[in-house]
Amino acid sequence: MRTLQDGLWHWQAPHPQWESGAPWGPEVSSYAIDDGRRLLFFDPIAPPSELEALAADRETAIVLTCPWHERDSRGLVERLGLPVYTPLPDSAEYLIEKWGLTAEQVGDGSPDVAWLVTEGVGEARPYTAGDNLEVGVEVFPGQKPNDTVLWVESHGAVVAGDTLVDFGSGLEINPRWLSEEMTREQVVEGLRPLLDLPVEHMLATHGVPFDRAALEQALS
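Every chain's residues receive numbers from 1 upward, in the order its sequence appears when written. Predicted model: local features are reported for residues with pLDDT of at least 70 only, side-chain atom pairs are reported and counted for 80 or more only, and whole-chain, interface and lining totals are derived from all residues. Water and hydrogen atoms were dropped before computing side-chain values, which therefore reflect all heavy atoms in the structure.

Caption draft 1: Here's a closer look at the packing of aromatic side chains. Note on aromatic pairs: the rings of Phe, Tyr and Trp (six-membered ring only in Trp) are paired at centre separations within 6.5 Å, and the planes decide the class, stacked below 30 degrees, edge-to-face beyond 60, tilted for the rest. With the rule as written, the count across this model stands at 1 aromatic pair. Where tryptophan 68 meets tryptophan 177, the ring centres are 5.7 Å apart and the plane angle is 75°; that geometry is what we call edge-to-face. Here tryptophan 68 is found in the loop between strand E5 (59-63) and helix H2 (73-80), whereas its partner tryptophan 177 is found in the loop between strand E13 (172-173) and helix H6 (184-191), with 109 residues between them in sequence. Think of it in three bands: residues with accessible area under 20% of the maximum for their type are buried, residues over 50% are exposed, and the middle band is partly exposed, with areas taken using a 1.4 Å probe on protein chains only. Looking at tryptophan 177, the relative accessible area reads 36%, which means it is partly exposed. Whether a charge sits over a ring depends on NZ of Lys or CZ of Arg being within 6 Å of the ring centre and within 35 degrees of the ring normal. Between lysine 144 and the ring centre of tryptophan 177, over which it is positioned, the NZ or CZ distance is 5.5 Å. Comment: elements are numbered from the N terminus, with helices defined as DSSP H or I runs of at least four residues and strands as E runs of at least two.

Caption draft 2: Up close: the sheet that holds strand E14 (residues 201-204). In this analysis, strands are considered paired if DSSP registers two or more bridges between them. Reading across from one edge, E8-E9-E10-E11-E14-E15 is the order of the 6 strands in this open sheet, with mixed pairing throughout. Each edge of the open sheet carries a strand with a single partner, namely strand E8 (132-133) and strand E15 (209-210). Pairing between strand E10 (residues 147-152) and strand E11 (residues 157-160): 4 bridges, direction antiparallel. In the sheet register, valine 149 faces E11, and the bridge partner there is alanine 160. Residues are treated as being in contact if the distance between any of their heavy atoms lies within 4.5 Å. Helix axes are fitted only over the stretch in contact, all axes being lines through C-alpha atoms; the angle between N-to-C directions runs from 0 to 180 degrees. Sitting on the sheet, H6 touches strand E9 (137-144) and E10, and the angle it makes with E9 is about 175°.

Caption draft 3: The layout of surface pockets, seen in detail. In this structure, the second largest pocket encloses a volume near 290 Å³. Using a 1 Å grid laid over the protein atoms alone, points where a 1.4 Å probe fits but cannot get out form a cavity; open sets with protein on both sides within 12 Å along at least 5 of 7 lines form a pocket; any residue with an atom within 4 Å of a point counts as lining. Looking at the second largest pocket, it is lined by 13 residues, and the ones nearest its centre are Trp24, Trp68, Asp162, Trp177 and His206. Grid points are joined across faces, edges and corners, and a volume is the space filled by probe spheres set on the points.

Caption draft 4: Quick look at the pairing of E11. Because side chains alternate across E11, one face comprises the buried residues Ala157 and Val159, and the other comprises Val158 and Ala160, equally buried. Here E11 pairs with E14 via 4 bridges, running parallel. Note that in E14 the partner of alanine 157 across the bridge is histidine 201.

Caption draft 5: Structural view of the nonpolar core. In this structure, Val158, Leu164, Leu171, Leu191, Leu194, Met202 and Leu215 are the most contacted members of the largest nonpolar core, which totals 20 residues. Only E10, E11, H6, E14 and helix H7 (212-218) provide two or more residues apiece to this core. With residues up to four places along the chain from it excluded, the contact list for leucine 164 reads Leu171, Glu172, Ile173, Leu191, Met202, Ala204, Leu215, Ala218 and Leu219. Only buried residues count toward a nonpolar core, which is a set of Ala, Val, Leu, Ile, Met, Phe, Trp, Tyr and Cys residues joined through side-chain atoms within 4.5 Å.

Caption draft 6: How the structure looks around unusual backbone geometry. Non-glycine residue alanine 46 carries a positive phi angle of around 45°. Within the secondary structure, alanine 46 sits in the loop between strand E4 (38-42) and helix H1 (49-55). Given a relative accessible area of 41%, alanine 46 falls into the partly exposed group. Backbone geometry at arginine 71 places phi at a positive 50°, although glycine is not the residue there. Mapped onto the secondary structure, arginine 71 falls in the loop between E5 and H2.

Caption draft 7: Here's a closer look at the pairing of strand E1 (residues 2-5). Pairing of E1 with strand E2 (residues 8-14), which is carried by 3 bridges, proceeds in the antiparallel orientation. The partner of glutamine 5 across the bridge, within E2, is leucine 8. Two successive antiparallel strands, E1 and E2, enclose a turn made up of 2 residues, where glycine 7 displays a positive phi of approximately 80°.

Caption draft 8: Examining the side chain of threonine 86 more closely. The residue threonine 86 is located in strand E6 (residues 83-86) in this model. Excluding anything up to four places from it in sequence, threonine 86 contacts Leu64, Pro67, Leu116, Arg125, Pro126 and Tyr127.

Caption draft 9: Focus on the environment of tryptophan 24. By secondary structure assignment, the location of tryptophan 24 is in the loop between E2 and strand E3 (27-34). Sequence separation of tryptophan 24 and alanine 114 is 90 residues, and the distance between their C-alpha atoms is 24 Å. Aside from chain neighbours lying at most four places away, what touches tryptophan 24 is His15, Trp18, Phe167 and His206.

Caption draft 10: Structural detail: the sheet that holds E3. Judged by pairing direction, the sheet is mixed, and its 7 strands sit side by side in the order E1-E2-E3-E4-E5-E6-E7 without closing on themselves. Taken across any chain shown, the strands that pair with only one partner, and hence form the sheet edges, are E1 and strand E7 (123-126). Sheet twist, expressed as the mean angle between neighbouring strand axes with direction ignored, is 25°. Where E6 and E7 come together, 4 bridges link them in parallel fashion. Among the inter-strand pairings, tyrosine 85 is bridged to a residue of E7, identified as arginine 125.

Given below as structure tokens:
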């Protein structure tokens, strides 16, 4: 774990579901932000023990950029009883329409965070693009309805899931999932308002921390 500034930490850990040939590397990034009263974990994997200890003295929550970035959230919830802010997972109807799957194949929909939103483990606090969360996070649209980009004003930080990534070519808009329904130009349009904000840190969960210049380049 390293400190990027007071109250802002970054760490990496191997993703247990990584497979050889995946476009992203075996290690993924997580972040935590503390404002002295509230501690937020973003897409946490293998959270450091020091931060878990700090959570006891803070109003602590988990914030997921997308539901499939749940990573080690369930363990944190079970140990510390934290609420989880998350976009809702893909519904069965979405998966059938988007990918041409059958009802038998999709069942009740995506299994992402099912333990949270359907099985009653922990407290789910769903959000969508355009929301301003009471934990000091503003939500911007990403390349899917439930893949978001987050603005944390207290630390001048942008946190991105799978919309802004580094797969080895520097920070960029993820080219893998772009489609006719969501073009690169549409993603840029939705994120351009970030450039009017005092961004200091661009925090990629696939990749490492970048600066404002990298965000400007990615959105150019």
